[in-house]
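So you can see what is in the structure, the chains are spelled out below.
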Amino acid sequence: MAKPRKPKPEDPKPAHTGAVVRHQKLCLSIDTNLRRIYGYTELEIEVPDIGFVGLHAENLGIESVLVDGESTDFEYYPRNQGADSEKRWASAVSSPSSAADVAAAAYVTALETELVPNLLINCCNKMQIEQVNTESNGVQSSAEVKQNVKSVRVNYWVEKMETGIHFEDNVVHTDNQMRRARCWFPCVDDNNQWCCFDLEFTVAHNLVAVSNGSLLYQVLSKDDPPRKTYVYRLDVPVTAQWISLVVGPFEILPDQHNSLISHMCLPPNLPKLRHTVEFFHTAFSEYEHYLDAKFPFGTYKQVFLAPEMAISSSTFGASLCILTSQVLFDEKVIDQTIDTCIKLAFALSRQWFGVYITPEAPNDEWLLDGLAGFLTDLFIKKFLGNNEARYRRYKANCAVCKADDSGATALSSSSSCKDLYGTHSIGLLGKIRSWKSVAILQMLEKQMGPDFFSKILQAIISRAQSTNGAVRSLSTKEVIIYILLLTLCYHLMC
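These numbers were taken from a predicted model, which means no experiment stands behind them.

Draft legend 1. Up close: the side chain of Arg 227. Along the chain, Arg 227 turns up in strand S14 (residues 227-238). A polar atom in the side chain of Arg 227 sits 3.0 Å from the backbone oxygen of Ile 30. Within the structure, the side chain of Arg 227 is placed 3.1 Å from the backbone oxygen of Thr 202, a separation counted as a polar contact. Residues contacting Arg 227, with those up to four places away along its chain left out, are Ser 29, Ile 30, Thr 202, Val 203, Ala 204, His 205, Val 219, Leu 220 and Ser 221.

Draft legend 2. Focus on the sheet that holds strand S6 (residues 74-76). Reading across the sheet, the 3 strands line up as S3-S7-S6 and stay open at both edges, with antiparallel pairing between neighbours. The sheet terminates laterally at strand S3 (52-55) and S6, the two strands that pair on one side only. Neighbour-to-neighbour, the strand axes of the sheet open up by a mean angle of 15°, direction not taken into account. Inspection of the sheet shows S3 paired to strand S7 (residues 119-122) by 4 bridges, in the antiparallel sense. Opposite Val 53, over in S7, you have Ile 121 as the bridge partner.

Draft legend 3. A look at the packing of helix H6 (residues 280-291) against helix H8 (residues 365-384). The contact between H6 and H8 brings their axes to 10 Å, and the two run at 115°. The element H6 and its partner H8 pack so that their crossing is right-handed. Residues Thr 282, Ala 283, Glu 286, Tyr 287, Tyr 290 and Leu 291 of H6 form the contact with H8, whose own contacting residues are Phe 374, Leu 375, Thr 376, Leu 378, Phe 379, Lys 382 and Phe 383. Of the residues that constitute the contact of H6 with H8, the class distribution is 9 nonpolar, 2 polar and 2 charged.

Draft legend 4. Here's a closer look at the sheet that holds strand S2 (residues 36-46). The 8 strands lie next to each other as S5-S4-S8-S2-S1-S11-S14-S13, forming an open sheet whose pairing is mixed. Each of the sheet's edge strands pairs with one partner strand only, and the pair in question is strand S5 (70-71) and strand S13 (214-220). The pairing of strand S1 (residues 20-31) with S2 spans 11 bridges and is antiparallel. Residue pairing in the sheet places Cys 27 in a bridge with Tyr 40 of S2.

Draft legend 5. Just the packing of aromatic side chains, in detail. A full pass over the atoms with the stated rule returns 12 aromatic pairs. Both rings, one in Phe 279 and one in Phe 280, keep their centres 6.0 Å apart while their planes meet at 80°; by these two values the pair is edge-to-face. As far as the burial class goes, Phe 279 and Phe 280 line up, both buried. Here a set of aromatic residues connected by ring pairs shows up, and it is made of Phe 279, Phe 280, Phe 284, Phe 295, Phe 297, Tyr 300, Trp 352, Tyr 356, Phe 379 and Phe 383. If you follow Arg 153 out to its NZ or CZ, it ends over the ring of Tyr 40, 3.6 Å from the centre.

Draft legend 6. Local environment of empty space enclosed by the protein. One pass over the full model with this rule turns up 2 cavities of 30 Å³ or more. Of the volumes computed, that of the largest cavity is approximately 50 Å³. In terms of lining, the largest cavity is formed by Val 21, Gln 24, Cys 187, Val 188, Gln 193, Cys 195, Phe 197, Val 238, Thr 239 and Ala 240. Going through the elements one at a time, S1 and strand S11 (195-204) are the ones with two or more residues in the lining of the largest cavity. A per-class count over the lining of the largest cavity returns 7 nonpolar, 3 polar and no charged.

Draft legend 7. View of a nonpolar patch on the surface. Residues Leu 216, Tyr 217 and Val 219 make up a contiguous nonpolar surface patch of about 270 Å² in total accessible area. The exposure class assigned to Tyr 217 is partly exposed, which follows from its relative accessible area of 43%.

Draft legend 8. Structural context of the packing of helix H7 (residues 337-352) against H8. Across the interface, H7 lies against H8 with an axial gap of 8 Å and an inter-helix angle of 135°. Comparing the axis directions of H7 and H8 gives the class oblique. Of the two elements, H7 crosses H8, and the hand of that crossing is right-handed. Note on element contacts: H8 touches H7 through Leu 368, Asp 369, Ala 372, Gly 373, Leu 375, Thr 376, Phe 379, Ile 380 and Leu 384, opposite Ile 338, Cys 341, Ile 342, Ala 345, Phe 346, Ser 349, Arg 350 and Trp 352.

Draft legend 9. Local environment of the pattern of salt bridges. Tallied over the full model, the rule gives 15 salt bridges. The partner of Glu 200 in a salt bridge is Lys 25, and the shortest N-O contact between them spans 3.8 Å. Taken together, the positions of Glu 200 in strand S11 and Lys 25 in strand S1 put the pair 175 residues apart, joining distant regions of the chain. For Lys 25, a relative accessible area of 24% gives the class partly exposed. Glu 114 is the salt-bridge partner of Arg 179, the closest N and O atoms lying 3.8 Å from each other. In this pair, Arg 179 is assigned in the loop between strand S10 (171-174) and S11 and Glu 114 in helix H2 (residues 96-114), connecting sequence segments 65 residues apart. Given the relative accessible area of 18%, Arg 179 is considered buried.

Draft legend 10. Spatial organisation of H8. With 20 residues, H8 extends 28 Å from end C-alpha to end C-alpha; this agrees with the ideal 28 Å at 1.5 Å per step. Within H8, 15 of the 20 residues are buried, which leaves it mostly tucked inside the rest of the structure. Where H8 terminates, the next one or two residues include Gly 385, which has phi positive at roughly 105°.

Draft legend 11. Representation of unusual backbone geometry. Cis rather than trans, the peptide bond between Asp 224 and Pro 225 has omega equal to 0°. Examined against the element boundaries, Pro 225 turns out to sit in the loop between S13 and S14. Residues other than glycine seldom take positive phi values, yet Asn 59 does so here, at roughly 60°. With respect to the element layout, Asn 59 can be found in the loop between S3 and strand S4 (61-67). One non-glycine residue, Ser 319, adopts positive backbone phi at about 70°. Structurally, Ser 319 is set in the loop between strand S19 (314-317) and strand S20 (320-324).

Cut-off values and rules
- Residues numbered from 1 in each chain as written.
- Predicted model: local features only at pLDDT ≥ 70, side-chain atom pairs only at ≥ 80, totals over all residues.
- Heavy atoms only, no water.
- Helix = DSSP H or I, 4+ residues; strand = E, 2+ residues; numbered from the N terminus.
- Polar contact = N/O pair within 3.5 Å; in protein donor to acceptor, adjacent residues only side chain to side chain.
- Contact = heavy atoms within 4.5 Å.
- Pairing = 2+ DSSP bridges.
- Axes fitted to C-alpha atoms, helices over the stretch in contact; angles between N-to-C directions.
- Left-handed = near helix turned anticlockwise from the far one by under 90°.
- Nonpolar A, V, L, I, M, F, W, Y, C, P; charged D, E, K, R; others polar.
- Phe/Tyr/Trp six-rings, centres within 6.5 Å; stacked < 30°, edge-to-face > 60°.
- Buried < 20%, exposed > 50% of the residue type's maximum accessible area, 1.4 Å probe, protein only.
- Lys NZ or Arg CZ within 6 Å of the ring centre and 35° of its normal.
- 1 Å grid on protein atoms, 1.4 Å probe; cavity = no way out; pocket = protein on both sides within 12 Å on 5 of 7 lines; lining within 4 Å.
- Points joined across faces, edges and corners; volume = space filled by probe spheres on them.
- Patch = residues over 30% accessible without salt bridge, like charges linked within 9 Å, V, L, I, M, F, W, Y side chains within 5 Å.
- Areas by Shrake-Rupley, 256 points an atom, 1.4 Å probe, with all protein chains shown as cover.
- Salt bridge = Lys/Arg side-chain N within 4 Å of Asp/Glu carboxyl O.
- Parallel < 35°, antiparallel > 145°, perpendicular 65-115°, else oblique.
- Expected span 1.5 Å × (residues − 1).

So, in structure tokens, the structure goes:
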């Protein structure tokens, strides 16, 4: 059986194999004392004609790979780029002025390298034999297609966590930074690969494991000391990027008004949590009412971590949001109330537009940002008052105008989005883009009328939730088509 090896200069780069993941199961045991994760993932994959499957895996120890229950050959190309790239690019910096160009080139090279799968699995042995038999018997392609679906199991462990998943004392959490799902489980880490997930996490009996989808059940083992397994199921197909995990000694606060919502935090923050989330069910209900649809992921969970543990102020996953406890406040605090309500309402709106509905291409990201901000603005207007909404809209529009005077980047530009490699959505430029996106959609709503515009968003959600809506991506062109069709229908009715 092949063992992991470092790629040599003469080794050809593994090409994308075109495999399609139908379903993925993830079973992991987390040891917070040893800072170690071990277990397996099992993927139901449509194997391409070449008979090989390529997965993404970074900083993982691959123990073995099985196809339909039998061991198979595999090649693993670890990408330990940190030290190598640092030495390579340090010699290229000749002056301080060239450092930025060298850093940008190194970043782009790393991103392009990450596109290539680095765990290659041989699935062709049985398939070739079966294809020969079917060809000799004159059986047509329907049987062959069925035989091309394989169950691929990868047994692995994670010890040296560098990114993607983080340990802080007895708390473990993931982040959804670009292409970092592969850092804690093998997957096809691609925005064009969607599938449903079964998730099982075994932790110490005094810890809680929070993940995506609905919690089916919990199992307490008879070990000494006992361990507890949490079993989740996500029935809505998502990309690997939106799979998240949080483990810790959390206090769980079920929402008093909506049984689908759960709030969690570390024990010292429970009184603040109870006061902070009193309003939250109103935002949840308002979004469902405005979009005329139920929340797409069934249940919704938000977990609040200490600021020193969190990688960013908010991390989104399917049906799950990880935030910092800095947003929590008690009844004595007044000035933080509005900002916290808006942050939590925006995190919820991203579940609809950003996680459930995704951009078709990088130059469509502005549209999803704008729709999430537009929903948040509706919440502000209805529950925090029209004056608050108008004031924030005015401040945002002033910032956008000032940025446009100095030559801001266009929202929907294929070349600019591709050249910026995701950096256009972070920092001050990212905020300007979001504010500008919301301003454009608010202008559309004003021209078309609130009722007419809401019907467009309802049509987008309805299409995604339909039985034949396998892919839930949205493009700028589609929104324009919706506007034209609804306008035509309105004129015909008149």
